[in-house]
Amino acid sequence: MRLRNNPDAMPFLQEHADLVFINPRDHLGKWHEVFGNNNPIAIEIGMGKGDFIIENARRYPNINFIGIEKYSTVLTIAVKKFLEMETLPNLRFMKEDAAVLGEVFAEGEIDTVYLNFSDPWPKKRHSKRRLTYSSFLDVYKSILKDEGHLIFKTDNRPFFEFSLVSMNNYGARFHDVCLDLHHSEGYEDNVMTEYEKKFSPFGPIYRIDIDFGDMNG
């Protein structure tokens with residue numbers, strides 16, 4: 001369910017241009033300069049209301065995080081949440097669509113890509129819109145370092161199965177496939193999204209961790 005459009009959202013985001021990038025292509029290949037250091041950069045695509053990316057930035061101050069969301073109303077909620085917290089100099093936000101991130105980040109500029117509970121687009125005719133379709137994998141492969149990781153979570157079993165097949169057919173290297181994240185050992189450091197907190201009691205959370213290292217020569 002989409003939030004009702006907030007006409008004040010875009011003006012609010014523009015007022016916080018030091019935190020939110022509305023025209024991120026201007027920083028192609030220069031994201032380390034934005035943060036003023038050479039720490040690893042992790043991005044969350046479709047961050048929603050920001051719980052995941054904000055908590056990660058709090059836990060890991062030596063990693064730079066960018067939360068990416070294409071809907072202004074949702075992005076505004078995340079930014080307001082951030083502004084109510086302590087200062088987190090390692091976190092920025094971006095209004096952008098996943099399909100064009102190859103124009104926003106240079107080749108090999110990103111260390112980690114997070115896809116959390118993306119829209120599963122359940123109808124077969126919409127499969128090309130799924131964020132684990134091969135055309136999106138092309139984008140992630142381009143912007144990730146050779147050994148950079150793509151970490152995917154969903155509670156949608158058909159989407160999980162589609163993603164496994166898509167990644168395998170693409171030639172990605174699997175580091176981990178978890179069929180029940182919240183009831184498996186070794187995931188105690190898992191950071192939950194707001195969606196995950198709400199819906200995980202109703203069924204398993206699936207997780208995949210891959211890289212494209214063998215393909216980048």
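These numbers come from a predicted model, not from an experiment. (Residues numbered from 1 in each chain as written. Predicted model: local features only at pLDDT ≥ 70, side-chain atom pairs only at ≥ 80, totals over all residues. Heavy atoms only, no water.)

What am I meant to see in the UniProt feature "binding site: S-adenosyl-L-methionine" (unreviewed entry) in the protein chain here?
Within this structure's numbering, the places UniProt gives as "binding site: S-adenosyl-L-methionine" (unreviewed entry) are Glu44, Glu69, Asp97 and Asp119. Of the residues just listed, which span 76 residues, no C-alpha pair is farther apart than 14.0 Å, and they cluster in one region. Take glutamate 44: it is sitting in strand E2 (residues 41–45). Since its relative accessible area comes to 1%, glutamate 44 is described here as buried. (UniProt positions renumbered as here; feature names shortened; annotations may be inferred. Helix = DSSP H or I, 4+ residues; strand = E, 2+ residues; numbered from the N terminus. Buried < 20%, exposed > 50% of the residue type's maximum accessible area, 1.4 Å probe, protein only.)

Explanation requested: the pattern of salt bridges in the structure shown.
When the charged atoms of two side chains with opposite charge come close together, those side chains can pair. Tallied over the entire structure, the rule returns 13 salt bridges. A salt bridge links aspartate 97 to lysine 70, with the nearest nitrogen and oxygen atoms 3.5 Å apart. Of this pair, aspartate 97 sits in the loop between strand E4 (91–94) and strand E5 (110–116) while lysine 70 sits in the loop between strand E3 (64–68) and helix H4 (72–83), and the two are 27 residues apart along the sequence. Given a relative accessible area of 26%, aspartate 97 falls into the partly exposed group. Owing to a relative accessible area of 39%, lysine 70 belongs among the partly exposed residues under this scheme. The partner of glutamate 196 in a salt bridge is lysine 153, and the shortest N-O contact between them spans 2.8 Å. Here the residue glutamate 196 occupies a position in helix H7 (residues 194–199), and lysine 153 occupies one in strand E6 (residues 144–154), the gap between them amounting to 43 residues. Comparing glutamate 196 with lysine 153 shows no difference in burial state: the two are buried. Overlapping salt bridges, with partners in common, bring together Arg25, Glu96 and Glu103 in one network. (Salt bridge = Lys/Arg side-chain N within 4 Å of Asp/Glu carboxyl O.)

In this structure, what is going on with the packing of aromatic side chains? I would like to understand it.
The relative placement of two aromatic rings is captured by the distance of their centres and the angle of their planes. Applying the stated criterion to the full structure yields 10 aromatic pairs. With a centroid separation of 5.0 Å and 80 degrees between ring planes, the pair formed by phenylalanine 21 and tryptophan 31 is classed as edge-to-face. On the criterion of sequence distance, the pair formed by phenylalanine 21 in strand E1 (residues 20–21) and tryptophan 31 in helix H2 (residues 31–35) is long-range, its members being 10 residues apart. Of the two residues, phenylalanine 21 and tryptophan 31, both sit in the buried class. Relative to phenylalanine 199, the ring of tyrosine 195 has its centre 4.5 Å away and its plane inclined at 35 degrees; by these criteria the two rings are tilted. A residue pair is termed a helical-turn pair when its members lie 3 or 4 positions apart in one helix, as tyrosine 195 and phenylalanine 199 do in helix H7 at four residues. For tyrosine 195, a relative accessible area of 34% puts it in the partly exposed group. Above the ring of phenylalanine 162, the side-chain terminus of arginine 130 is found at 4.5 Å from the ring centroid. (Phe/Tyr/Trp six-rings, centres within 6.5 Å; stacked < 30°, edge-to-face > 60°. Lys NZ or Arg CZ within 6 Å of the ring centre and 35° of its normal.)

Please explain the nonpolar core as it appears in this structure.
General note: in soluble globular proteins, nonpolar side chains tend to be found buried as a group. Among the nonpolar cores identified, the biggest contains 34 residues, and Ile43, Ile45, Phe105, Val113, Tyr140 and Leu150 are the most heavily contacted of them. Taken together, the elements giving at least two residues each to this core come down to H2, E2, E3, E5, helix H5 (134–143), E6, helix H6 (157–170) and strand E8 (206–211). Among the nonpolar cores identified, the runner-up in size contains 21 residues, and Leu19, Phe82, Tyr114 and Ile151 belong to it. (Core = buried A, V, L, I, M, F, W, Y, C linked by side-chain atoms within 4.5 Å.)

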